[in-house]
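# Analysis of the macromolecular model
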Amino acid sequence: MLNYILDLLLKQILGQPFLLMAIVVFIGYIAMRQTIIKAVMGSVKASVGILIMGMGSGALIANFGKLLTALQTATGIKGAGLNTYPTMTNAYEKMDAVLGVGQSATWGIYTLLCAFIINLILVALRKYTKIRAVYLTGNAMIVQVAISTYIVYRFLNLGMIPTILIASVITALYWGILSTMLIKPTREITNADFTVAHQQMFMDYIAYKLAPKLGDPEKDDIEKKKMPTSLNFLQDSIVATAIIMFISVAVICLVIGNEQLNWLRGAEGFNQPGLKNNLVFILWIAFTLTANIVVLLSGVRMFVGEIMLSFKGISERLLPGAVPGVDCAAIFAFAPKSVMLGFIFGIIGQILGLIGLLVFKSPIFLVPGFIPLFFDNATISVFANKFGGWKASAIICTANGIIQIVGSMFAIKMMDMLWWQGSSDYATVWVGIIAVIRAIGRLFGIEIAA
């Protein structure tokens, strides 16, 4: 009987991410003194969001994997995609291959809860830690804890509890330190009491410090200049994603040739024998991948909307007066032209980075993703333009695009993954963290776990 109860509690309930997060969301709503009905509604939405997210991510990884298989067969080059949520799923899949299906997501959620609690403790002790920001960007948090959990598990090969504790501390320090560093510049941009808490915080801070040396924020402010309305379509995330996917798929298909294109049409590929025209087939692949991302993001929005409210309620109860760290998109309305400028120069930078990989014969070919490309460079551009004008924005965002490609290549090489997060923090700060943890594992003769 006791074994049945423990199995029910630890595996069937707390071991299932969709139920575990429902419980967390329920507690958060109760902490905000909401009604039981609202708490239940929020819990249901969070659970359904997690399941939808899994469906979209699973389809995206499976479909994208077929493209990469064709690329590797034709050229011998290992392919990898740059996008946030597929990286989370890919990390969990590699852990599940050893631990068993569904176990890794449970580890990740416990890491999320522990990291958030540690973040609150660090803020509570701000007199000593100097950390004042509570990281509340739920969509970034769920990806980041998956990556940090997998990094610790892969190179230190520890059990559940030590893996969660180490990953939680690393993640909480990353959240607290970097989002606190952005409190002052974010306030200067928005005149509001919040800070940016996302995935390019280190480069935001670099832009804040470096931009005044590269341009004049008064004379070169892009917000005071006119931009062509023909670029407005790039602000639609679905359209922009479809365009990037089409370009990426077209390049891959040109490289792999007709033999692998026919394989992709077949039963082992996408099973689309009727799409005999190459252009139509490439469009179908690009739009299918875009649709997978849209499904994934709809699940993320459902889940994150509830978990953010929950965490906000918990943090406000425990730490009134702390500075909330929110999604980078919160500053976009303060500088819409900077947003588009950053996106354009980020594309230029990533293209230069990809050319560099080809010139130097990198064994890894990367396929850019909209989320790290747009949100990273748009945010960095807002900081750069505010403190150095459009010239600073152009230089820094172009450099960041190159860094995203080159740094991600090193991360993928160390992590042996088909996807990587792609944001600039994960091409700089986290590359260093991976290298340190890998070195510690090697120092103690620890065998790689997955």
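Everything below is about the structure shown above.
Once a new chain begins, its residue numbering starts again from 1 and follows that chain's sequence as written. Residues qualify for local features only when their pLDDT is at least 70, as the model is predicted, and side-chain atom pairs are given and counted only at 80 or more; totals for whole chains, interfaces and linings, by contrast, use all residues. The side-chain quantities take in all heavy atoms of the structure and omit both hydrogens and water.

### Looking at the sheet that holds strand β1 (residues 78-82)
Whether parallel or antiparallel, the strands of a sheet pair through hydrogen bonds between backbone atoms. Strand pairing is assigned whenever DSSP identifies at least 2 bridges connecting the two strands. In DSSP terms, a helix is any run of H or I states spanning at least four residues, a strand is any run of E spanning at least two, and both are numbered starting from the N terminus. One open sheet holds the three strands; their spatial order is β5-β1-β6, and the pairing between them is parallel. What marks the edges here is a single partner per strand, and that holds for β5 (364-367) and β6 (419-420). Across four bridges, β1 lies against β5 in parallel orientation. Residue alanine 80 lies in a different strand from β5, and its bridge partner there is leucine 366.

### A closer look at helix α10 (residues 201-210)
Only protein chains enter the area calculation, which uses a 1.4 Å probe; residues under 20% of their type maximum are buried, those over 50% are exposed, and those in between are partly exposed. Taken as a whole, α10 has its buried residues at Met201, Met203, Asp204, Ala207 and Tyr208. Taken down its axis, α10 places every buried residue within 165° of arc, on the same side. In this description, one arc is meant: the one made by directions from the helix axis to the C-beta atoms.

### Examining the pattern of salt bridges
Between Lys or Arg on one side and Asp or Glu on the other, a salt bridge is scored when a side-chain nitrogen of the former is within 4 Å of a carboxyl oxygen of the latter. By the definition in use, this model includes two salt bridges. Here glutamate 188 ties to lysine 184 by a salt bridge, and the two come within 2.9 Å at their closest N and O atoms. With a gap of four residues between them, glutamate 188 and lysine 184 both fall in helix α9 (residues 183-190), about one helical turn apart. Salt-bridge contacts for lysine 224 lead to glutamate 218; the nearest nitrogen and oxygen are separated by 3.6 Å. Neither lysine 224 nor glutamate 218 differs from the other in exposure class; each is exposed.

### A look at unusual backbone geometry
Positive phi values are uncommon outside glycine, yet lysine 130 reaches one of about 65°. By secondary structure assignment, the location of lysine 130 is in the loop between α6 (126-129) and β2 (133-135). Under the relative-accessibility criterion, lysine 130 is labelled exposed at 59%. In this structure, asparagine 157 takes a positive phi of about 50° despite not being glycine. Its place among the elements puts asparagine 157 in the loop between α7 (138-156) and α8 (160-181).

### Some thoughts on the side chain of serine 47
When you line up the elements, serine 47 lands in helix α3 (residues 36-75). A relative accessible area of 10% places serine 47 in the buried class. In this analysis, two residues are considered to be in contact whenever any of their non-hydrogen atoms come within 4.5 Å of each other. Once residues within four sequence positions are removed from consideration, serine 47 is found in contact with Phe18 and Ala22.

### Looking at the packing of α8 against helix α15 (residues 429-443)
Axes here mean lines fitted to C-alpha atoms, for a helix over just the part in contact, with angles spanning 0 to 180 degrees between N-to-C directions. Here α8 crosses α15 at 155°, and the two axes come no closer than 13 Å. For the element pair α8 / α15, the angle class is roughly antiparallel. Note that α8 runs across α15; the crossing there is right-handed. Contact residues: α8 offers Ile170, Thr171 and Tyr174, while α15 offers Trp430, Ile433 and Ile437. Taken together, the residues of the contact of α8 with α15 break down into five nonpolar, one polar and no charged. Comment on the angle field: the value is read as roughly parallel under 35 degrees, roughly antiparallel over 145, roughly perpendicular from 65 to 115, and oblique elsewhere. Helix crossings fall into two classes, left-handed where the near helix is turned counterclockwise from the far one by less than a right angle and right-handed where it is turned clockwise. Asp, Glu, Lys and Arg are counted as charged, while Ala, Val, Leu, Ile, Met, Phe, Trp, Tyr, Cys and Pro are counted as nonpolar; the rest, among them Gly, fall into the polar class.

### Focus: the sheet that holds β2
Read from one edge of the open sheet, three strands run β2-β4-β3, paired in parallel fashion. At either end of the open sheet lies a strand with only one pairing partner, and these are β2 and β3 (195-196). Of the strand pairs in this sheet, β2 and strand β4 (residues 323-326) are connected by three bridges, and their pairing is parallel. When the bridges of β4 are listed, tyrosine 135 appears paired with glycine 325.

### Quick look at the packing of α7 against α15
Viewed as axis vectors pointing N to C, α7 and α15 meet at an angle of 25°, and their least axial separation amounts to 8 Å. As judged from the angle between their axes, α7 and α15 are roughly parallel. For the pair α7 and α15, the crossing hand works out as right-handed. In contact with Ser148, Ile151, Val152, Phe155 and Leu156 of α7, α15 contributes Trp430, Ile434, Ile437, Arg438, Ile440 and Gly441. Its residues assigned to classes, the contact of α7 with α15 comprises eight nonpolar, two polar and one charged.

### Observations regarding a nonpolar patch on the surface
Nonpolar side chains collect at one region of the surface, where Ile348, Ile351, Leu352, Ile355, Val359, Phe360, Ile402, Val406 and Phe410 lie side by side and expose about 820 Å² of accessible area between them. Counting only elements with at least two residues in the nonpolar patch, the list comes to α13 (336-359) and α14 (370-415). A per-element tally of the nonpolar patch places α13 first, with five residues. Looking at the element boundaries, isoleucine 348 is found in helix α13. Isoleucine 348 gets classed as partly exposed once you look at its relative accessible area, which sits at 37%. Patch membership needs two things, relative accessible area over 30% and no salt bridge, and members are linked within 9 Å if like-charged or within 5 Å if nonpolar (Val, Leu, Ile, Met, Phe, Trp, Tyr). Each accessible area is a Shrake-Rupley estimate made with a 1.4 Å probe; only the visible protein chains count as cover when residues are assessed.

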